[in-house]
Structure formats: structure tokens, C-alpha cells
Amino acid sequence: MYSIKTPTLRIDEADLKCKNGCGYFGNEEWQGYCSKCHREHLQKQRAQREHARIHESDSSSKTTVHGFYKFEEKKRQQEKKTKLLKLSVFRKTATKTQGFSEIWQELVKDNPELDKVKSETRDLLVQIAKTPAEKDVRKCIHSFVNNILQMKDIKSVEELSELTQNFYQVFAKRMENSPNYADVSPETKDRLLDYIERYTMTLLYRILFCPPSTTDEDKDLAIQNRIRQLNWVSGKNLECRIHETSSDVRELVYTSITDLLNMDSVKAPQEKLACVVHCCRNIFVLLQQSVGGPASADEFLPALIFIVLKANPARLKSNINFITRFCNASRLMTGEGGYYFTNLCCAVSFIENLTAESLNMPQKDFDAYMSGARVPASTWESALTMCESIHLMCEHITLLDELKAKNLEIIAESDELKKKMQQFPEKVEAEVDAAITRTPLIITPSQRIPTNLDCVDAESYQLPPPIIPQVQNIDIYPQTLNDETNETLTSHVGDYNGPSIEDCITPSPTFDFPAFDSDGGLHGSKGDDDTSLISLDTQCDLTAEESYLQDRDASDSLLDESQASGTNLPSPLKPVCSLREDYHGFSIQGSNIPTIPCNTGDLSHNTSDLEADNYSGYFHNI
Amino acid sequence: MYNDMPKVDLKVVLLGSSNVGKTSLLERFIDDRFNENLPNQSTIGAAFASKEVCVNNIKFTLGIWDTAGSERYQSMTKLYYRGAKAAIVCYDVTNLESWERAKYWVRELRSVEETCVVYLCGTKKDILDEGKTATPDLDIVERYAAGIQCKFYLVSNKTGEKTSELFDEISKDYISDPDNLHSVMEAITLTANSKTDSRCCPIG
């Protein structure tokens, strides 16, 4: 049916001759061949079909058709076929069983949109769940769907549309008057009305959208072809003021085209209407950018026509008819949605009736464009490819601009840093100068002081004989006593000096670091208390091993004392009884502590350094 | 998403040639709306506007539909005034051609939408005030308006003179029609418990 119909739409003189080029006139019935060639062709074709069963006979008839159109035509036919198939399958089940519940089942099954409607209105459904309202809504939907399913083959679409509109109105009235809805807020009622429309229409979409009893589909094809033919129409022809060169505007053009195309993919009429509204709002935004100010209807309509021409939405007529027939007219068609929808209808009607006059161009040019003899330089397609690169360039330019800005920032920052760096040595110099001017007076006396101290230092250096550090441990406490005990101290020092000097001199310069580090150094690093503790332990060994008999006397008593100091740090090793003894010894020997000050002197010199502790530890070890 | 489209009770359509000031009239309407500080959709386009009006303590929504004035879209304009309760036919008081077009719209409306109340509106009054002469003469227009029993307004979109009066008059006339009152009242009783106004079927 379509194979015959479509070629008749486009016959030009070339088609009259036999397609084989034999010179005879061809005939439409013979697929454009002369009788002889046709016969040959048929035979060839039959052989072909047996070979591969590729195409139906009609495909060969379209060889004259432009490659592109042929492809399109085929695509459309396939669409159609699948559609018809679907419908016939559908109808078969209907006639076979006559059971509406089965059709219903089939409609509900595999209908993801229906689930979507449900999930999107879940809060509403929850709100009315287990109320008489929910029951009533179900009942209404059920009876309405049943009604439509019963009528679908008997009544025309217009009557079905009337039924649907009645249903909306009756339901709205019912919600007001029925006691079932007494507790429902008006807002919820609004949403319920919306819900039943969405639900039933999504459910019945397959039956009500583009029903086979109408010519919607043919009209769809007609308008699609028409728009395709008009693809050369530019914004300039329509006198619409879209700045195609601005990337923002172009982005919005794409968005509104997408919105319009989206109309076919959603199902409920109010969703379709919402797509139109989105599209139109985007057009207003882009016009606002192009015109600079709110756009008027004079600017809007041409822009919408342009968008429709460039979008060429699928099944445009079917969608428009579906909305007009099944959208709740009283609710939506007088408001903003209705206004935009009317504009869309206007745009479609304009496109259908478009003439040379309505584009303000000579008839000759119009015909040339329509027949494809002339291709304008600014068709959308070529514009798109060009736009693509322009778009890219725009993006790059903006990227470069950003980089430039960043670069400038970095340069500024680096300059600042440079300045700071230049200032820094100056500042340091100034500070140093200031410090020098402040300090020189202090430096000279400090040099004198060490000379005074040197005596003490010399003493202290000389003093640390092995015994002394042991004493020193105790001295942490008696430091304050130093002054009081100074006399006794010095006397003790005098005692120790003699023997210790030799020992002290040898270890102190070399300090036997490695040995110390391996032993006490490690421990020493843990803390003063540890070192003293450990050093205490080692001291015991060392004192035992070392044969400083002179020291023995002192060390015996000192050992106890050192342990006393160790008691500050919990020493598990030492027995408690010794502690008591120590305490005795400590208190008694408070006066004997004398040697301590020397070491404390040492400590006071180096307290800041850890090494100092280590040294002291070392001294302990010794 | 479709809930952000308020329902409109009174559909008013703006007709007239291009450049007579339909859009300015609509902008005036929108400006008034802004002055009243009513929360509504932002103005991205001056082609459609809706406003809630209150006459005799009856609230209803007025929706203005602007149309493209260009002659090339003339044949489609009947799509716009389908179901319109009122129509403002504009013409430029100094432009004879726009007057001829206005008369065409009036005839058209009278034959297609009988229930539609027509308001004749001469725009650009400020130009007249500057000393220009009206073409055609205002007497002729007034006589014509009286002859077809429609109200004639001389407005200035520049100064805003009489524009709000025009819209007020339209609202009043609408509500004074018992049929319209009935449908609006129905909507009011339906929504008596809440502030939202919607639902009802004012299509006559």
C-alpha cells in the first residue's frame, strides 16, 4: 500500500523514462521500467529473493528515489510495520477473549511509565492510603478504563475524547460532593485530579495515542516530510531574532529543541504539555538574550516556528491531537500551558501553509529551494557543522581567557613574592643591624663573665670524677641547699679533685661516645628519668667492676642516695628496705652532698641540650 | 512541573496589527502586577501574563494572551481567541491601516466567538496629546464602537493612562455576567477551605 503511494508523491520527468535507460517510456505500475525491462527485472528480482530473501518487491521500485529519502522511507515503513504488528497482536487478543481484564493486564504489564507515575506520586498515594478516597479513586479509574476499553473499537476518537473530558469533570465534581473526599485538602484534590489523568492516560496510551481509526499517522508523515523539505528555512527567512552566533543562545536553542523532542517520549498529556511549556520558556530566555528584554508574541512565534522546523519532532501531529483530545481542557488549556500549546499549533499550521509570500521571498526562489535545486548557504545542517567548530573555538577562547587570567594572577603573585624576597634580606639586615647596635655592649661583658666563670668551669670540668655524678643525682633536690652547703662542698671537692682529675681528663675530651651511645645513649634519649635509672643500674655494675677503692667508701653511701633519687622514678628492681635506709642516708647526708653543686653547675650550663643530659648520664656511667 | 501553571478563569486575547502597542499594554498589565507585589512567575517573556484580580470580593484569575501582529500569522489568529471571554482589539490612533485591521478583527470575533466581549482600544494617546491628529477621527471611532456595542478606550502605554481602567473594566464586565459569575463562584465554593484557587471548569 505504501510502496505504491510513496513514489507517486515524487514524479519528475526523469521518472517517465524507463529506469534502465533503454529509451522507452517507463510505467509507474512497472516500477518505472518499460514493459520489457520490467519483466527482466522481475525475473532477476525473483532470483535474488530466492537467494537471500532480502527485500520486498517495493524496495526496487524506489531506486529512483534519492538515497537519503529511500533510507528514511524504509525506516518509516519499518516503524509502521512494527506498529501495525503490535496493534494487530493487540487486537487479536481483544477479539479472541473479549475480556477487558486481560487487556488491562497487558496494558499494566511491562509499562515502566506506569510504575514511574506511581513512584512519582507515592507521597500522594500514601497520603490518601486506606481512606475512602483511595477506594473511590480506584473505582473511578477502573470504571473509566473499562469504559474506554469497551468503546475503543466502537466509537471514534472524538467521542472517546469527549468521554475522557467528561470523566475529568465528573471526577472533579465528585471530589467536591462525595463524602469520601470530605477530609481531603483542596490541594490534594488538585493533585488527585492530576493523578487520575496521568495514570489513566499512561495506561491507555497505546489505545488512545494515534489510534488506527484516525489519519494521525499519515498527517505525521506529511508534516515530517514538509518540515524536511523546509530545512533550508533560516531564522532570517522567518524574521526571527535569534542570535545564532552567540554560544549561550545556541545552547538554549538545543535545549528547547530537546524539550520539544521530548514531547514524544513522555506519555501523559500534561507531561507532554509540560514539555511544550519548557520548550517555550527556553525560547523566551533565549529571545531575552537575543533581543535584550522580555520578548513579545511578535518575536516569540517566529522563534517557535524556527525551533519546530529545526527539531522536526517525531509524530508531531499525533502528539498535538493527543493533547487536544485527552488533556484536561478546563484545567490546563486556558493557562500558560494552553497559551504555549496554542502557539505550537499556530507554528504547525504556519508550517503546513507556508508559502513564498509568508516568507517574504519571490515565488521563484521559494520553488527553487523547495525542489532542492538551490541550497542556501545557511542551512541548519551546514550551520551545525560550522557551529560545531565555532563552538569549539568559543570554548577554547574562553579557556584561554581563563588561563590568561590565571597567568596574570600568577605573575602578580610572583612579583609580590619577588618583592618580599628582596625585602627579606633588607629586613634581616636591618634587624641584624638593630640587634648589633643593641647587643655589642652586652657581648663584651659576657666575655668577661665567662673569664670569671672559667674558674668555676675549670673546676666543674675538673671536678667530674666518677664519684661526683653519683652524688649529683641526689642533688637535684638539694640544689637550693647549695649555697648553704657551699663550704662543705668545696671541701669535698678538694677531696675528690686529686684522684678524679686523671680519670676525668681522659674520658671527658673523648667522651667515649660510641660506647656511651650504644649503652646509655639509647636509653638516655627516652628521658632524663630513664637515663638516671639505667645509669644507676649500670653504676652498680660499674662501681662493682671498677676498682676505685677510694671511691668505694663514698660510693657505698652514695649508691643508696642515688637510689633515693631513683625512687622518684619507679624503680622496680630495688628493694623497699634499701629505700628506707636511703631515706635515712639522704636526710643525714644532706650535709654530705657537697659535691653536687659542681655537677649542678655542669647541668645549669647545659640544661637546654639533651646532650647535656647525656653527658651527665655519661658521668653517671663513669 | 505542570502545577506551576496557574489556572485561568478569564481569558483575554490581545489583537491588533504589529507595532500598535499590544505588547506594551501587556507590559503595563505585568507592571501593575509587580506593583501589587503578587508572587508570580518572573517575566521572561511578555506574551502571556496572568493575574489574580478581585472584584466585589470575588477573586478570579485574569490571563492575557498576546498575539503576533504580523499579517503573515493572521490566518492562525483564530486559534488564539478560541474560548476567549474578552478581546482587546488595539489600533494605533494615528495609523489608518491599523484601524482597518482592527475592524477586521472585530468582524472576525463577532462571527467566530460570539460570547467574546470586544473592547476597542486606541493606543498612543500621548502622541495625540502632543498635537497630532487622530486618523480616523475619534468621533468616527466612537460612533463605530457605539454601533457595534463595544467599549472604546483611549489609552497611553507610555504614561499608563487608562490602562488599568481598561483591565478593571474587563474584570467587572466579566463578573457581572451571571454565567461567568456562576462558574467563578463555583470555583470559589470549591476552594472555600483553602487559599489556593484552582479547579472548576469555566469553559462555557
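Residues numbered from 1 in each chain as written. Chains lettered and ligands numbered in written order. Predicted model: local features only at pLDDT ≥ 70, side-chain atom pairs only at ≥ 80, totals over all residues. Heavy atoms only, no water.

- As named in an unreviewed UniProt entry, chain B is Ras-related protein Rab-24, taken from Neodiprion lecontei.
- Check the Sequence similarities (unreviewed entry) section of the UniProt entry for chain B; it says "Belongs to the small GTPase superfamily. Rab family." (UniProt positions renumbered as here; feature names shortened; annotations may be inferred.)

- By the naming in an unreviewed UniProt entry, chain A goes by Rab5 GDP/GTP exchange factor isoform X1 and is assigned to Neodiprion lecontei.

**Regarding a nonpolar patch on the surface**
Residue and element names in this part refer to chain A.
Working step 1: Side chains of Phe-424, Val-428, Val-432 and Ile-436 sit close together on the surface and give an oily, nonpolar patch of about 350 Å² of accessible area.
Working step 2: Residue placement: Val-432 occurs in helix H21 (residues 380-438).
Working step 3: Exposure remark for Val-432: the relative accessible area of 39% places this residue in the partly exposed category. (Patch = residues over 30% accessible without salt bridge, like charges linked within 9 Å, V, L, I, M, F, W, Y side chains within 5 Å. Areas by Shrake-Rupley, 256 points an atom, 1.4 Å probe, with all protein chains shown as cover. Salt bridge = Lys/Arg side-chain N within 4 Å of Asp/Glu carboxyl O. Helix = DSSP H or I, 4+ residues; strand = E, 2+ residues; numbered from the N terminus. Buried < 20%, exposed > 50% of the residue type's maximum accessible area, 1.4 Å probe, protein only.)

**Observations concerning the confidence of the model for chain A**
Working step 1: Overall, the prediction assigns chain A a mean pLDDT of 70, with 57% of residues at 70 or greater.
Working step 2: Segment residues 576-582 of chain A is flagged for pLDDT under 50; beyond a separation of four residues in sequence, or across chains, it makes 7 contacts in the model. (pLDDT = per-residue confidence, 0-100. Contact = heavy atoms within 4.5 Å.)

**Observations regarding a negative patch on the surface**
Residues and elements named next belong to chain A.
Working step 1: A cluster of acidic side chains, namely Asp-248, Glu-251, Glu-388 and Glu-395, defines a negative patch on the protein surface.
Working step 2: Looking at the negative patch, the elements with two or more residues in it are helix H14 (247-262) and H21.
Working step 3: With respect to the helices and strands, the residue Asp-248 is situated in helix H14. (Lys, Arg positive; Asp, Glu negative; His and termini not counted. Charge placed at Lys NZ, Arg CZ, Asp CG, Glu CD.)

**What to know about the pairing of strand S1 (residues 10-15) of chain B**
Residue and element names in this part refer to chain B.
Working step 1: Of all 6 residues that make up S1, 6 are buried, and the element is covered over most of its length.
Working step 2: Both faces of S1 are covered, namely the face carrying Leu-10, Val-12 and Leu-14 and the face carrying Lys-11, Val-13 and Leu-15.
Working step 3: Here 4 bridges tie S1 to strand S4 (residues 58-65), and the two strands are oriented parallel to one another. Bridge assignment links Leu-10 to a residue of S4, and that residue is Leu-62.
Working step 4: With 4 bridges joining them, S1 and strand S5 (residues 86-92) adopt parallel strand pairing. By the bridge assignment, Leu-15 is partnered in S5 with Val-89. (Pairing = 2+ DSSP bridges.)

**Focus: the sheet that holds S4 of chain B**
All names here are of chain B.
Working step 1: Read across the open sheet, the 6 strands follow the order S3-S4-S1-S5-S6-S7; overall the sheet is mixed. Each edge of the open sheet is held by one strand with a lone partner, namely strand S3 (48-55) and strand S7 (151-154). Sheet twist, expressed as the average angle between the axes of neighbouring strands with direction ignored, equals 25 degrees.
Working step 2: Across 4 bridges, the pairing between strand S6 (residues 117-123) and S7 is parallel. Its bridge partner being in S7, Cys-121 is matched across the sheet by Tyr-153.
Working step 3: Relative to the sheet, helix H3 (residues 96-112) contacts S1, S5 and S6, its axis offset from that of S5 by approximately 165 degrees.
Working step 4: Helix H5 (residues 138-147) contacts S5, S6 and S7 of the sheet and is inclined by roughly 150 degrees relative to S7. (Axes fitted to C-alpha atoms, helices over the stretch in contact; angles between N-to-C directions.)

**Points about the pattern of salt bridges**
Residue and element names in this part refer to chain B.
Working step 1: Evaluation of the coordinates by the stated rule reveals 22 salt bridges over all chains.
Working step 2: Salt-bridge contacts for Lys-151 lead to Glu-169; the nearest nitrogen and oxygen are separated by 2.7 Å. Of this pair, Lys-151 sits in strand S7 while Glu-169 is found in helix H6 (residues 163-176), placing the two residues 18 residues apart along the sequence.
Working step 3: On the basis of relative accessibility, which here comes to 35%, the residue Lys-151 falls in the partly exposed class.

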